[in-house]
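What the coordinates show
Given next are the chains, with one letter for each unit.
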Amino acid sequence: MTRCVVFDLDGTLADTSGDLIAAANVALARRGLAGLDPRADAAIAFQGGRAMLRAGYGRAGSDMLVPPGAEDEDFPHLLDAYRSAIAVHTRLYPGVTEALERLADDGYRLAVCTNKPEALARQLLRDLGIAGHFASLIGADTLPVRKPDPRPYRRAVEEAGGETSRSFLVGDTETDRKTASASGVKVALVSFGPEGEAISRLAPDALLHHFDELPALAREWLGG
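Predicted, not measured: the structure shown is a model, and the values here were computed from it.

**A look at the pattern of salt bridges**
As enumerated under the stated definition, the model contains 17 salt bridges in all. Note that Arg50 is salt-bridged to Asp72, the shortest N-O span being 2.9 Å. With a gap of 22 residues between them, Arg50 in helix H3 (residues 49-58) and Asp72 in helix H4 (residues 70-84) connect regions that are remote in the sequence. For Asp72, a relative accessible area of 54% translates into the label exposed. The residue Asp176 makes a salt bridge to Lys147 at a minimum N-O spacing of 2.7 Å.

And the structure:
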């Protein structure tokens, strides 16, 4: 079976925090609430849309009543705003495209396994110009379960034509660490994502400091 490298998306392949926060701020502004800060709150963005909304609600003053059910009501507005401006501030991390090309040249199949809704993930990869590098994509709503359940990861590998035992995950969060453990594979966590070098606290199998290190790591772990 073909060797496979699986990637998370947000905070791993690209810094998406600016566009995520902008979308959350659109939803929060509908209630007259102050928005999140693109820099100071970047880490919250990688926890998901609902986490951003809750952070905004939590900062509301005592005179700003957030009614029950606000999160469920506001989340679709956040998604609509994000869909319409998904790649305005988002940027690939340095070396991503070159690393993907090198891995493909070395015979690896590539996949994405993300907790972003599948349609949005596909849209973003297209807008960033890297969709063609991936043989499969599994999003938050592709299956009834999402990461860190191992089934999305295994499906991503399977649809890419790979074998789980000959694969590994590149990610940026504790969710990715747990996904790899549940799937019985190694994980490389990026040190340039939302947590920076502090991600070493999760004791990944490797820290990835730049994408130009990835082809050599793939050869070390999977052969080639």
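**Focus on the pairing of strand S4 (residues 109-113)**
Burial analysis of S4 places four of its five residues in the buried class, the great majority of the element. Alignment of strand S1 (residues 2-7) against S4, held across four bridges, turns out to be parallel. Looking across to S4, one finds that Cys4 is bridged to Arg109. Bridge count between S4 and strand S5 (residues 136-138): three bridges; the pairing is parallel. Within S5, the position partnered with Ala111 by the bridge is Ser136. In this region the chain leaves S4, passes through helix H6 (residues 118-128) and returns to the parallel neighbour S5; the handedness of that crossover is right-handed.

**Topic: the sheet that holds strand S7 (residues 186-190)**
Strand order in the open sheet formed by six strands is S5-S4-S1-S6-S7-S8, and the pairing between neighbours is parallel. The sheet is open, and its two borders are formed by S5 and strand S8 (206-208), each paired with just one other strand. In this sheet, adjacent strand axes meet at a mean angle of 25° when their direction is disregarded.

**Looking at unusual backbone geometry**
Pro148 follows Lys147 through a cis peptide bond whose omega is 15°. Within the secondary structure layout, Pro148 lies in the loop between S5 and helix H7 (150-159). The phi angle at Ala203 is positive, at roughly 50°, despite the residue not being glycine. Classification of Ala203 as partly exposed rests on a relative accessible area of 48%.

**Focus: H6**
Among the residues of H6, Leu120, Ala121, Gln123, Leu124, Leu125 and Leu128 are the ones counted as buried. Elements in contact with the buried residues of H6: strand S2 (14-15), H4, strand S3 (91-92), S4 and S5. At the exit of H6 stands Gly129, carrying a positive phi of roughly 80°.

**A closer look at the nonpolar core**
Ranked by size, the top nonpolar core spans 55 residues in total, and within it Val5, Phe7, Leu13, Met52, Phe134, Phe211 and Leu214 carry the most contacts. Each residue touching Phe211, except ones within four places of it in the same chain, is listed here: Phe7, Thr12, Leu13, Tyr93, Pro94, Gly95, Val96, Ala99 and Phe192. Of all hydrophobic cores here, the second largest spans 16 residues; its members include Cys113, Tyr153, Leu169 and Val185.

**Quick notes on the pairing of S1**
Burial within S1 is extensive, with five of its six residues counted as buried. Taken together, the five bridges between S1 and strand S6 (residues 162-171) define a ladder with parallel strand orientation. Looking at S6, one finds that Val5 is bridged to Phe168.

**Some details on the packing of H7 against helix H8 (residues 174-183)**
Axes are the key here: two packed helices are described by the angle between their axes and the distance separating the axes. Taken N-terminus to C-terminus, the directions of H7 and H8 make an angle of 75°; their axes are 8 Å apart at the nearest point. One element, H7, and the other, H8, form an angle in the roughly perpendicular class. Between H7, through Pro150, Tyr153 and Arg154, and H8, the contact on the second element is made entirely by Thr179, Ala182 and Ser183.

**A word on the environment of Leu20**
By the secondary structure assignment, Leu20 is in helix H1 (residues 17-29). In this structure, the C-alpha to C-alpha distance between Leu20 and Gly49, residues 29 residues apart in sequence, is 7.4 Å. Here Leu20 is in contact with Asp10, Ala45, Met52, Tyr82 and Lys116, once residues within four sequence places are set aside.

**Some words on the side chain of Ser136**
Positionally, Ser136 belongs in strand S5. A distance of 2.6 Å separates a polar atom in the side chain of Ser136 from the backbone oxygen of Ala156. If we skip the residues at most four places from it in the chain, Ser136 touches Leu110, Ala111, Val112, Ala156, Glu159 and Ala160.

The rules behind each value
Residues numbered from 1 in each chain as written. Predicted model: local features only at pLDDT ≥ 70, side-chain atom pairs only at ≥ 80, totals over all residues. Heavy atoms only, no water. Salt bridge = Lys/Arg side-chain N within 4 Å of Asp/Glu carboxyl O. Helix = DSSP H or I, 4+ residues; strand = E, 2+ residues; numbered from the N terminus. Buried < 20%, exposed > 50% of the residue type's maximum accessible area, 1.4 Å probe, protein only. Pairing = 2+ DSSP bridges. Right-handed = clockwise from strand over helix to strand, strands pointing away. Axes fitted to C-alpha atoms, helices over the stretch in contact; angles between N-to-C directions. Contact = heavy atoms within 4.5 Å. Core = buried A, V, L, I, M, F, W, Y, C linked by side-chain atoms within 4.5 Å. Parallel < 35°, antiparallel > 145°, perpendicular 65-115°, else oblique. Polar contact = N/O pair within 3.5 Å; in protein donor to acceptor, adjacent residues only side chain to side chain.

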